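Fold and contact review
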Amino acid sequence: MARNLMQRWAKAPFYFNSAAHVTRIGNQRATTLNEFAQALEKVPDDAIFQHTFQTLQEHHYIEEGFSNDFAHWAFASCNEIELAERLSSVDVREYTSIKALRDRILGIVNEYLKRNERARERAAFEPFYFCASDTIVIPTPWVARNLEEFTAELRKVSVHSIHYHFIDARLRLKLNTNDFSLWLENDLDLGALGDRINRIDIYTATLNDVRDQILKVVESAA
């Protein structure tokens, strides 16, 4: 990518925001797997997002390696190891809608309960509380009008800003992309570059890793 492309003005600037998250407990809770399955059908989309995408970073540090809250509860509170492993195998990167993700999780639970009827009403050691997050958007002073400024400002922003634009954005954008990729495609006509950024693995990458990989993608194209 020529230097003049790094300095080419975007159609609209990219405003870096940060965010704080206030977790709220919803109306649904489950004390058995049967109640869990019933609640899964009713909880709002942001609860499904919360317990899969939103808490993904936390599960990088859990020794058992379960990748979402549903799997962790099945293991730690229900002692249903097979179910936990099946729920943990759900790769959120494969889904472009919350509905499809919800249906997949619900399908795993219902299929397991058909084969394990005794597990249906067995009381969990601890209830599962369905939660979601209220996001408080916090503007930052960092603005990018071209790729050169974008890489410079990306180095300055906090990991909370990375989370807001790269993970939180997926609920707003129906899981299809993230704010960085959307800006590259719509305002700089660099859709291929945006696609590469969108493919960054949020399962194995910490937020600082995400920052480093975005910078590597942009700078390697220069």
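Further up the page is the structure itself.
Let me sum up the structure you'll find in this document. (Residues numbered from 1 in each chain as written. Predicted model: local features only at pLDDT ≥ 70, side-chain atom pairs only at ≥ 80, totals over all residues. Heavy atoms only, no water.)

Proteins that are soluble and globular tend to have nonpolar side chains buried together. In this structure, F36 and F166 are the most contacted members of the largest nonpolar core, which totals 66 residues. Considering each element in turn, this core owes the most residues, eight residues, to helix α6 (residues 98–115). For F166, the contacting residues outside a window of four places in its chain are N178, F180, I197, I200, I202, V210 and I214. (Core = buried A, V, L, I, M, F, W, Y, C linked by side-chain atoms within 4.5 Å. Buried < 20%, exposed > 50% of the residue type's maximum accessible area, 1.4 Å probe, protein only. Helix = DSSP H or I, 4+ residues; strand = E, 2+ residues; numbered from the N terminus. Contact = heavy atoms within 4.5 Å.)

With that out of the way, let us pick up helix α7 (residues 147–154). Taken residue by residue, α7 has L147, F150, T151, E153 and L154 as its buried positions. Viewed end-on, α7 has its buried residues packed into an arc of 170°, placing them on one side of the element. At the N-terminal end of α7, a side-chain oxygen is found 3.2 Å from the backbone nitrogen of E148, two or three residues along, and the residue is N146. (Arc of directions from axis to C-beta. Polar contact = N/O pair within 3.5 Å; in protein donor to acceptor, adjacent residues only side chain to side chain.)

Attention now goes to the pattern of salt bridges. Applying the stated criterion to the full structure yields 16 salt bridges. In this structure, K156 and E153 form a salt bridge, with 3.1 Å as the shortest nitrogen-oxygen distance. Taking the relative accessible area as the measure of exposure, K156 reaches 48% and is therefore partly exposed. A salt bridge links R155 to E219, with the nearest nitrogen and oxygen atoms 2.5 Å apart. Remark: E219 occurs in helix α11 (residues 207–220) and R155 occurs in the loop between α7 and α8 (159–172); sequence separation between them is 64 residues. Take R155: its relative accessible area is 46%, and that puts it in the partly exposed class. Within this structure, E82, R86, E111 and R115 form a network of salt bridges that share partners. (Salt bridge = Lys/Arg side-chain N within 4 Å of Asp/Glu carboxyl O.)

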